[in-house]
Amino acid sequence: MNLLPKSAQEFGSADYWEKFFQQRGKQAFEWYGTYLQLCGVLHKYIRPREKVLVIGCGNSELSEQLYDVGYQDMVNIDISEVAIKQMKERNASRRPHMSFLKMDMTQMEFPDASFQVVLDKGTLDAVLTDEEEKTLQQVDRMLAEVGRVLQIFELCAQEQGKPMRLENAERLAEAVRERQQYAWLCSQLSRKAGLGSVSLDLCNGDTGEPRYTLHVVDSPTVKPTRDNHFAIFIIPQGRETEWLFGMEDGRKQLALSAGFRRLITVALHRGQQYEGMDSIQAELSARVMELAPAGMPAQQQVPFLSVGGDIGVRTVRHQDRSPLSGDYVVEDVQGDDKRYFRRLIFLSNRNVVQSEARLLKDVSHRAQKKRKKDRKKQRPADTPEDLPAAPGQSIDKSYLCCEHHKAMVAGLALLGNPELLLETPLALLVVGLGGGSLPLFVHDHFPKSCVDAVEIDPSVLEVATQWFGFSQSTRMKVHIADGLDYITNLAGGAARPHYDVIMFDVDSKDPTLGMSCPPPAFVDQPFLQKVKSILSPEGVFILNLVCRDLGLKDSVLGGLKAAFPLLYVRRIEGEVNEILFCQLRPEQSRATPELLEMAQALEQTLRKPGRGWDDTYVLSDMLKTVKIV
């Protein structure tokens, strides 16, 4: 006798269940598990005195066995008349206080807030057979009714976990779907490797906020041994945006280097408290085993790895909200060389570092000593602190953290006569301030330069000034304006300026675009003509391009080439960024050897005694891979 439906959709049909119970007879049918398998969880979260509603009871013995151990205030409903009749006959004399009613759970007849517990062993799964609109509407009706007759919403996602209180039926439905997806994912990962890019968030049970982000990385080329099946890598706090940890290719390289068939990288979220590696291992051990690969020996110990064996340091210095850009944080993190770095992060894109600056060693040392003292007080590592050092004393202004900023500065060699640039009154326009490190570096290292910086968000200027050591001067002016409007007004003015250098380092706020830097309007042909009109004949226009859409990128390059006949491209290794150097005169074209000589000459000029210079910054290295389009 075949009781299985012809399709999954039949599970949601009342006719199917009528025929099912007619054909099966009076023998109890247990969906998913028996009372003995579930009683540990049920007794933990249901009190005997609470009034319990069992929806979709079928002819399961679960209600009967709960009744027999003391849960006697129970009401059972099912859409099948056959099942309800069987249960009434079976329990009329033995369990007189337990009731069975034929009722549609999407149109229940009980008053509001009638029950403290609603128990569903598998009915929601029978209804939620797909994600078609009609199915989801049925689920919404079911959960709305559950919410109406139930006094609270709680979900226990783990057998030994705490129940999570949910604010409404919609959130409960979402949580159930997430749990179903997680169970399906674990099932797939346990059967086979190489599912592609797999990531998931594990949330704080009390708040529902993401606590850990996991990426599953399989390395099928690694030869299996007894001890290399599976490992967990804890990314130190603040380093989750680095290429090795934040990009898929980087994580693949990390997994190969670690030598495990499956590596799970774990990123720690800001706003969460972590006591140390041991506590993280204790918290995650059971969960990550659900993601273990097939073929792993039983009782295999899974190693937890990290950089230097610790979880890193992240201190939130400041957090606020910009009316234009949304919530943001300023945080200090420890790098792999134990130096400290200050970062600006917009939480709408929390995996991207908006701006970064290195802290001076003496400040880093003091901060480190203070953190050690704070740890003794058991202060969380990312508790906001109002302890800003004076900007001019804390930030290492000679150091450019971003590789694309280093390449943009190296592009000044294209102006020619690098030996004379320090004495040349250069006029520069920088669109996109961020933390201000790029215009500040140019201002400080080219003493005759005058810099106009344009920033649309006044909050960004405030952050740059207070936290990143930025300051204006007679040679450095910040204009709060939309870069598009500012350049349009300059190009249309009677006294049109001519800049020696124009730099675009401005991001898009629209995450749906294939190009995140700059916004598309900045590379429209009419606007590029305006940029061209305010660039001096010998000048250079330098653009930071971040574009994952290859077709769109080709279009952007074609538009730039139409406006600027000479176009160089420099790809930033390990990143999506490409730096474009645009000039007006094709005859200015220089081969790579000549570019390198000019960059070396410029660096020698900048490395004057008494001037701060980062010894790891070699200008010529920034131009080695430059290609003419």
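Use the structure listed above.
All of these numbers come straight from a predicted model, not from anything done at the bench.

> Quick question: what am I supposed to make of helix 1 (residues 14–24) here?
The α-helix advances 3.6 residues per turn, and as a result positions three or four apart in sequence lie on the same side. Listed as buried for helix 1 are Tyr 16, Trp 17, Phe 20 and Phe 21. In an axial view of helix 1, the angular spread of the buried residues amounts to 120°, which keeps them on one side of the axis. Away from the buried face of helix 1 by more than 90 degrees, exposed residues Asp 15, Lys 19 and Gln 22 are located. At the exit of helix 1 stands Gly 25, carrying a positive phi of roughly 85°.

> Can you walk me through unusual backbone geometry in this structure?
Negative phi characterises most residues that are not glycine, and trans characterises most peptide bonds. Here the bond from Cys 517 into Pro 518 is cis, since omega is -5°, no more than 30 degrees from zero. If you trace the backbone, Pro 518 turns up in the loop between strand 20 (515–517) and helix 17 (525–533). Its identity is not glycine, yet Ala 113 carries a phi of approximately 55°, on the positive side. Under the relative-accessibility criterion, Ala 113 is labelled partly exposed at 36%. For Asn 417, which is not glycine, the phi dihedral falls at a positive 45°. Looking at the secondary structure, you find Asn 417 in the loop between helix 13 (403–410) and strand 16 (427–431). By relative accessible area, which is 54% here, Asn 417 ends up exposed.

> What's the story with the sheet that holds strand 10 (residues 262–268) in this structure? I'm lost.
Where strands meet in a sheet, backbone hydrogen bonds hold them as pairs that are either parallel or antiparallel. Pairing within the open sheet is mixed, and its 5 strands lie in the order 7-8-10-9-11. At either margin of the open sheet sits one strand with a lone partner, and together these are strand 7 (198–203) and strand 11 (304–306). Between one strand and the next, the sheet's axes are offset by a mean angle of 25°, whatever the strand orientation. Where strand 9 (residues 230–234) meets strand 10, 5 bridges bridge the pair, whose relative direction is parallel. Looking at the pairing, Phe 233 lines up with Thr 265 of strand 10.

> Please explain the environment of Tyr 617 as it appears in this structure.
Its location among the elements puts Tyr 617 in the loop between helix 19 (592–606) and helix 20 (619–622). Placed 129 residues apart in sequence, Tyr 617 and Thr 488 show a C-alpha to C-alpha distance of 35 Å. Residue contacts for Tyr 617: discarding those within four places in its chain leaves Leu 400, Lys 406, Val 409, Ala 410, Phe 441, Glu 603, Arg 607 and Met 622. Among the polar contacts listed, one links the side chain of Tyr 617 to the backbone oxygen of Lys 406, at a separation of 2.6 Å.

> It is not clear to me how the packing of helix 13 against helix 14 (residues 437–445) should be interpreted in this structure. Could you clarify?
Angle between the axes and distance between the axes: these two values describe a pair of packed helices. Where helix 13 contacts helix 14, the two axes come as close as 10 Å, and the packing angle between them is 35°. Crossing handedness for the pair helix 13 and helix 14: right-handed. Counting all contacts with helix 13, which are made through His 405, Met 408 and Val 409, the residues of helix 14 involved are Ser 437, Leu 438, Phe 441 and Val 442. Residues belonging to the contact of helix 13 with helix 14 are distributed by class as follows: 5 nonpolar, 2 polar and no charged.

> For this particular structure, what's the right way to read the state of the cysteines?
Note on terminology: disulfide describes a covalent bond linking the sulfur atoms of two cysteines. Enumeration over the complete set of coordinates arrives at 0 disulfides. In this structure Cys 57 is not part of a disulfide, and its nearest cysteine sulfur, from Cys 39, lies 20 Å away. When its relative accessible area of 7% is taken as the criterion, Cys 57 is described as buried.

How each quantity is defined
Residues numbered from 1 in each chain as written. Predicted model: local features only at pLDDT ≥ 70, side-chain atom pairs only at ≥ 80, totals over all residues. Heavy atoms only, no water. Buried < 20%, exposed > 50% of the residue type's maximum accessible area, 1.4 Å probe, protein only. Helix = DSSP H or I, 4+ residues; strand = E, 2+ residues; numbered from the N terminus. Arc of directions from axis to C-beta. Pairing = 2+ DSSP bridges. Axes fitted to C-alpha atoms, helices over the stretch in contact; angles between N-to-C directions. Contact = heavy atoms within 4.5 Å. Polar contact = N/O pair within 3.5 Å; in protein donor to acceptor, adjacent residues only side chain to side chain. Left-handed = near helix turned anticlockwise from the far one by under 90°. Nonpolar A, V, L, I, M, F, W, Y, C, P; charged D, E, K, R; others polar. Disulfide = S-S within 2.5 Å.

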